[in-house]
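# Observations on chain architecture
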Amino acid sequence: MTTDIAQVKAALRTQRIETPSWAYGNSGTRFKVFSQEGVPRTPQEKIDDAAQVHRFTGVAPRVALHIPWDRVEDYAALATYARDRGVRVGAINSNVFQDNDYMLGSVTNPDPAVRKKALNHLLDCVDIMDATGSRDLKLWFSDGTNYPGQDDIRARQDRLAEALAAVYERLGDEQRFLLEYKLFEPAFYSTDVPDWGTSYAHCLKLGPKAQVVVDTGHHAPGTNIEFIVAFLLREGKLGGFDFNSRFYADDDLMVGAADPFQLFRIMHEVIQGGGFTDEVAFMLDQCHNIEPKIPGQIRSVMNVQEATAKALLVDGEALRAAQRAGDVLGANAVFMDAYNTDVRPLLAELREEMGLDPDPMAAYARSGYFEKIRDERKDGQAAGWGA
Ligand code: PSV
Ligand code: MN
Ligand code: MN
């Protein structure tokens, strides 16, 4: 392999992986939300936990907020709180799916009053971005229908376009929105933003501040996600990722747990397509229903790093030569060589060079942080999936 290891390490040092505030609180399924000891009681405590993930990995300096789960009086003060702990507030995630008014949809609801309420929330989120200095507004809509004939599919697209245009209009010069798609759930017949094509079409019409976000858990089984990534990057429309694993549907499991090879293929397209920059937000979106929260995030961050390191190890020159020569097996061998490399020693070495413990999981376990929060946080939990 002729890849320059120093260059690989330099690139890995620049990687930024954002963790979601909602990962630190209790979560579960519709059958049961399991309570864990030591979960945060406030947005500030979620930030404290996110800061631990950064402390042990060195590559997770941002934490995404979810509004209103992370509602506070003073968002600028919350951003300062985060900075004082060595992290920054990342993307602002809107929530127009947990209110009775939204039973038939939010921005696509047939009732104009409900649409207005939803839009106002989205605009409020941009106000919050102004206060926190966040660049990205992440929009995920649970909107859709359950039965054929329930509503006019096309009219719902018109309503969606109207809301998105109003949000776009409100964005500042340095701000963007990332429109997330999801195949189904909670709507079971039609979903208003079900796939990348729908998201892309809306974003394309609006302009460069509207970008598509790829949640790796939101596709039909067997979907070639790396193709979507390559296509969107080529069009300058890939705003970021919500990384998580899925076995069946939107399982929100640890990144790279279900299919590390897929994660590698995605990262290969990111690197090939010039997407390994801050223009593409590498975010995690997962909920640890049964595993401990902070170590779950650390594991996911490490899994993204491992996939990235392997993708950086692909010998580009050899790959292109084999591709040009039509050497199918040769090209595939170059690709697989990189994937089959054990990059853990390289990452351990890199961490030591960065002044970190080579084993973030063990270092966190030894740190005593869990024992501290378990003892301190006895009364309740913050808002989130589980509250
Ligand atoms: C629901 O599927 C979801 O997991 C979406 O992926 C959002 O990004 C996330 O919730 C937070 O709103
Ligand atoms: Mn998501
Ligand atoms: Mn999801």
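Being a predicted model, the structure only gives us computed values, none of them experimental. (Residues numbered from 1 in each chain as written. Chains lettered and ligands numbered in written order. Predicted model: local features only at pLDDT ≥ 70, side-chain atom pairs only at ≥ 80, totals over all residues.)

Moving on, we come to the overall build of the protein chain. A tally of regular secondary structure across the protein chain gives 14 helices and 12 strands. Relative to the 2.2 N^0.38 estimate, which gives 21 Å for 387 residues, the radius of gyration of the protein chain is 21 Å and therefore close to what a compact globule would have. Dimensions of the protein chain along its principal axes, counting C-alpha atoms only, are 60 × 55 × 40 Å. Residues classed as buried in the protein chain amount to 46% of the 387 residues present. Taking the contacts inside the protein chain whose residues are at least 6 apart along the sequence as the reference set, 78% of them involve residues at least 24 apart. (Helix = DSSP H or I, 4+ residues; strand = E, 2+ residues; numbered from the N terminus. Rg over C-alpha atoms; globule rule 2.2 N^0.38 Å. Buried ≥ 20, exposed ≤ 12 C-beta atoms within 10 Å, placed from the backbone. Contact = placed C-beta atoms within 7 Å.)

Time to look at the site of ligand 1. Around ligand 1 sit N93, W140, E180, K182, D215, D242, D250, D252 and D285, and that is every residue in its neighbourhood. Within the shell around ligand 1, the residues separate by chemical class into one nonpolar, one polar and seven charged. (Near = placed C-beta within 6 Å. Nonpolar A, V, L, I, M, F, W, Y, C, P; charged D, E, K, R; others polar.)

A few words now on the pairing of strand β8 (residues 176–180). With respect to burial, β8 is a largely interior element, five of its five residues being buried. Pairing of strand β6 (residues 136–139) with β8, which is carried by four bridges, proceeds in the parallel orientation. Its bridge partner lying in β8, L139 is registered against L179. Sheet analysis places β8 next to strand β10 (residues 210–215), joined by four bridges and oriented parallel. From the neighbouring strand, F177 faces β10, where its bridge partner is A210. (Pairing = 2+ DSSP bridges.)

The subject of this paragraph is the packing of helix α4 (residues 112–132) against helix α5 (residues 153–170). Closest axis-to-axis distance for the α4/α5 pair is 10 Å, and the angle between their directions is 25 degrees. The angle between α4 and α5 falls in the class roughly parallel. Crossing of α4 against α5: the hand is right-handed. For the pair α4 and α5, the contacting residues are R115, A118, L119, L122, L123 and V126 in the first and R159, A163, A166, V167 and R170 in the second. (Axes fitted to C-alpha atoms, helices over the stretch in contact; angles between N-to-C directions. Parallel < 35°, antiparallel > 145°, perpendicular 65-115°, else oblique. Left-handed = near helix turned anticlockwise from the far one by under 90°.)

Another aspect to go through is helix α7 (residues 225–234). Taken together, the buried positions of α7 are occupied by I225, E226, I228, V229, A230 and L232. Packed against the buried residues of α7 are α6 (196–206), β10, β11 (238–243) and α8 (260–272). Two residues or fewer past α7, G236 is found with a positive phi of approximately 65 degrees.

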